[in-house]
There are 2 protein chains.
Amino acid sequence: MLRPVNATGRQLLAAAMRREREALQISQEALAHRAGLHRTYVSQVERCTRNVGIDNIERIAGALDISIAELFDRAADE
Amino acid sequence: MLRPVNATGRQLLAAAMRREREALQISQEALAHRAGLHRTYVSQVERCTRNVGIDNIERIAGALDISIAELFDRAADE
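- Under an unreviewed UniProt entry, the name given to chain A is HTH cro/C1-type domain-containing protein, and the source organism is Demequina activiva.

In structure tokens:
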């Protein structure tokens, strides 16, 4: 049975990540490469189907050249 | 072999979580109960031995009566 997606945290992260990525004009693949993650994984995080861990949140924020705090701060502005 | 702890993200979260918990004057056990998590899990997050997922980060922030953005914002003030 598909676990009910816990929206808020995942949606916040996905929206902020996509916005920052598009602001840098880079693809999911380029972001994945920067973060040392697989393209599919980045796509799943942006589609809220991943309960992404703090270690990968940090990698993603780093790949977007911002801190974790900034990533969630900007997410809160959505 | 113990995976090398990725400090920054885990340490930020652990420090902010502990500070907010102590500001509320509640124990790890009380926080765990509020968040619907096990006491041991909360203790592991505060000791940076858990790659905690976004869903549980959200539960912890909620149990501390703050948003995820606020949790990491305050972490950045450390």
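The rest of the description comes next.
Focus: the relation of the copies chain A and chain B
- It takes a turn of 180 degrees to lay chain A on chain B, together with a shift of 0.0 Å along the axis; the resulting RMSD is 0.0 Å. Those values place the two copies in the arrangement expected of a two-fold rotation axis. Closest to the rotation axis within chain A is the C-alpha of Gly53(A), separated from it by 1.9 Å.
- Same-surface contact between copies: 100% of interface residues of chain A are shared with the interface of chain B.

Concerning the environment of Leu31(A)
Residue and element names in this part refer to chain A.
- Its place among the elements puts Leu-31 in helix α2 (residues 28-35).
- As a C-alpha pair, Leu-31 and Val-42 span 11 residues in sequence and 7.7 Å in three-dimensional space.
- Excluding residues that lie within four positions of it along the chain, Leu-31 makes contacts with Met-17, Arg-21, Ile-26, Val-42, Ile-60, Ala-63 and Leu-64.

Things to note about the packing of aromatic side chains
- Here the structure, examined in full by the defined rule, presents one aromatic pair over all chains.
- With centroids separated by 5.3 Å and ring planes inclined at 5 degrees, the aromatic side chains of Phe72(A) and Phe72(B) adopt a geometry described as stacked. Placement of Phe72(A) in helix α5 (residues 68-76) and of Phe72(B) in helix α5 (residues 68-76) is noted, with the two residues assigned to different chains. Phe72(B) carries the same exposure label as Phe72(A), and that label is buried.

Things to note about the interface of chain A and chain B
- Counting residues at the interface gives 19 residues for chain A, matched by 20 residues for chain B.
- The contact between chain A and chain B buries some 1,700 Å² in all, and 55% of this surface belongs to carbon and sulfur atoms.
- Summed over the shared surface of chain A and chain B, the number is two salt bridges.
- Of the charged contacts in the structure, one is a salt bridge between Arg10(B) and Asp55(A), with a shortest N-O distance of 2.6 Å.

Regarding the pattern of salt bridges
- All told, the structure shown has nine salt bridges over all chains when counted by the stated rule.
- Note that Arg21(B) and Glu46(B) form a salt bridge whose closest N and O atoms lie 2.8 Å from each other. Residue Arg21(B) is found in helix α1 (residues 7-23), and its partner Glu46(B) is found in helix α3 (residues 39-46); the two are separated by 25 residues along the sequence.
- Salt bridges here are not isolated pairs; linked through shared partners, they connect Arg18(A), Arg21(A) and Glu46(A).

What counts and how
Residues numbered from 1 in each chain as written. Chains lettered and ligands numbered in written order. Predicted model: local features only at pLDDT ≥ 70, side-chain atom pairs only at ≥ 80, totals over all residues. Heavy atoms only, no water. Least-squares fit on C-alpha atoms with pLDDT ≥ 70 in both. Contact = heavy atoms within 4.5 Å. Helix = DSSP H or I, 4+ residues; strand = E, 2+ residues; numbered from the N terminus. Phe/Tyr/Trp six-rings, centres within 6.5 Å; stacked < 30°, edge-to-face > 60°. Buried < 20%, exposed > 50% of the residue type's maximum accessible area, 1.4 Å probe, protein only. Buried area = accessible area lost by both parts, 1.4 Å probe. Salt bridge = Lys/Arg side-chain N within 4 Å of Asp/Glu carboxyl O.

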